[in-house]
Every structure is written in C-alpha cells, then in structure tokens.
Amino acid sequence: MDFKKVMDRIAALEGARSDQEIANCLEQTKQSFAGYKKRGTVPLQEVIDYCIKNERSVDHVLFGTDLPYVNKDLEKENIELKARLIEVKQLLLEVIRKE
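Structural notes, computed from the coordinates.

## Some words on the side chain of Ser57
Then, in step 1: Tracing the chain through its elements places Ser57 in the loop between helix 4 (44–54) and helix 5 (58–63).
Then, in step 2: A polar contact of 3.4 Å, which involves the side chain of Ser57, links it to the backbone nitrogen of Asp59.
Then, in step 3: A distance of 3.1 Å separates a polar side-chain atom of Ser57 from the backbone nitrogen of His60.

## Some words on a nonpolar patch on the surface
Then, in step 1: Where nonpolar side chains cluster on the molecular surface, the patch consists of Val88, Leu92, Leu93 and Ile96 and spans about 370 Å² of accessible area.
Then, in step 2: Within the secondary structure, Val88 is located in helix 6 (residues 72–98).
Then, in step 3: With relative accessibility at 43%, the residue Val88 sits in the partly exposed group.

## Section: helix 1 (residues 3–14)
Then, in step 1: Here helix 1 is 12 residues long and its end C-alpha atoms lie 17 Å apart, about the 16 Å a rise of 1.5 Å per residue gives.
Then, in step 2: Along helix 1, the residues classified as buried are Phe3, Val6, Met7, Arg9, Ile10, Ala11 and Leu13.
Then, in step 3: If you follow the buried residues of helix 1, they end up packed against helix 2 (19–25), helix 3 (30–39), helix 4 and helix 5.
Then, in step 4: The distance from a side-chain oxygen at the start of helix 1 to the backbone nitrogen of Lys4 is 3.0 Å, and the residue carrying that oxygen is Asp2.
Then, in step 5: Gly15, located one to two residues past helix 1, shows a positive phi value of around 70 degrees.

## Concerning the packing of aromatic side chains
Then, in step 1: Inspection of every chain in the model, using the stated rule, returns one aromatic pair.
Then, in step 2: Above the face of the Tyr36 ring, Arg39 is positioned so that its terminal group lies 5.3 Å from the ring centre.

## What about the environment of Glu21?
Then, in step 1: Structurally, Glu21 is set in helix 2.
Then, in step 2: In the structure, Glu21 is positioned 10 residues away from Ala11 in sequence and 8.0 Å away in space, judged by C-alpha atoms.

## Some details on the side chain of Arg56
Then, in step 1: Mapped onto the secondary structure, Arg56 falls in the loop between helix 4 and helix 5.
Then, in step 2: Side chain to side chain, Arg56 and Glu14 meet in a polar contact 2.7 Å long.

## So, the pattern of salt bridges
Then, in step 1: Per the stated rule, a full pass over the model turns up four salt bridges.
Then, in step 2: A salt bridge links Asp8 to Lys4; the nearest nitrogen and oxygen atoms lie 2.8 Å apart. Taken together, the residues Asp8 and Lys4, both in helix 1 and four residues apart, mark about one turn of the helix.
Then, in step 3: Under the relative-accessibility criterion, Lys4 is labelled exposed at 55%.

The rules behind each value
Residues numbered from 1 in each chain as written. Predicted model: local features only at pLDDT ≥ 70, side-chain atom pairs only at ≥ 80, totals over all residues. Heavy atoms only, no water. Helix = DSSP H or I, 4+ residues; strand = E, 2+ residues; numbered from the N terminus. Polar contact = N/O pair within 3.5 Å; in protein donor to acceptor, adjacent residues only side chain to side chain. Patch = residues over 30% accessible without salt bridge, like charges linked within 9 Å, V, L, I, M, F, W, Y side chains within 5 Å. Areas by Shrake-Rupley, 256 points an atom, 1.4 Å probe, with all protein chains shown as cover. Salt bridge = Lys/Arg side-chain N within 4 Å of Asp/Glu carboxyl O. Buried < 20%, exposed > 50% of the residue type's maximum accessible area, 1.4 Å probe, protein only. Expected span 1.5 Å × (residues − 1). Contact = heavy atoms within 4.5 Å. Phe/Tyr/Trp six-rings, centres within 6.5 Å; stacked < 30°, edge-to-face > 60°. Lys NZ or Arg CZ within 6 Å of the ring centre and 35° of its normal.

Honestly, it's all geometry; don't read function into it.
Printed below as a string of structure tokens:
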C-alpha cells in the first residue's frame, strides 16, 4: 500500500489541502500523521475507521478501485446480481453435463 496514494485519495474525497487537514480526517495529531508519513506506513485502522464513519469505500481509499462512496442500494443490487449469476452458471453446467 502506497502511503501517498492513500492519503491523496482521502484528500481528494474531503477537499483536504494539507497534512493537518488529512490528519484531522483520520482523527490523528499532526505529529502522529508525520510519523506515519516519514515511515511511509498507512495507518490502516484509522483509515478503515474513517471509511466507516464517512461511508467511503475501503477498496477505493486503500487501493483506488471501486466507487469512492458506499451506496447501500447498489451494494445490495450487486449482491443480488452475483447470486443470480451463480444460479445461471449452475444451470449452464447442468445443460452441458446432459449433452
């Protein structure tokens, strides 16, 4: 995980322009944030807590994938579509086996 990329994504989501503003988003002191930055270590628990509190996608913030915001309706629909896809795959396998 790249510290700069993760913090850049948080900054973009929150409109943060300084390390202090990003530290505030993560509920960290400026000194604590500076330590993580110096080591290049992502404060994982703080980032996860930030995502949960602000309904941000953990996948997006940490890895740059997925939508930046959690949309509960889309998430539910996605789960339902995946379940239907599994059913269709099983039906196709049954048809192939019969042939």
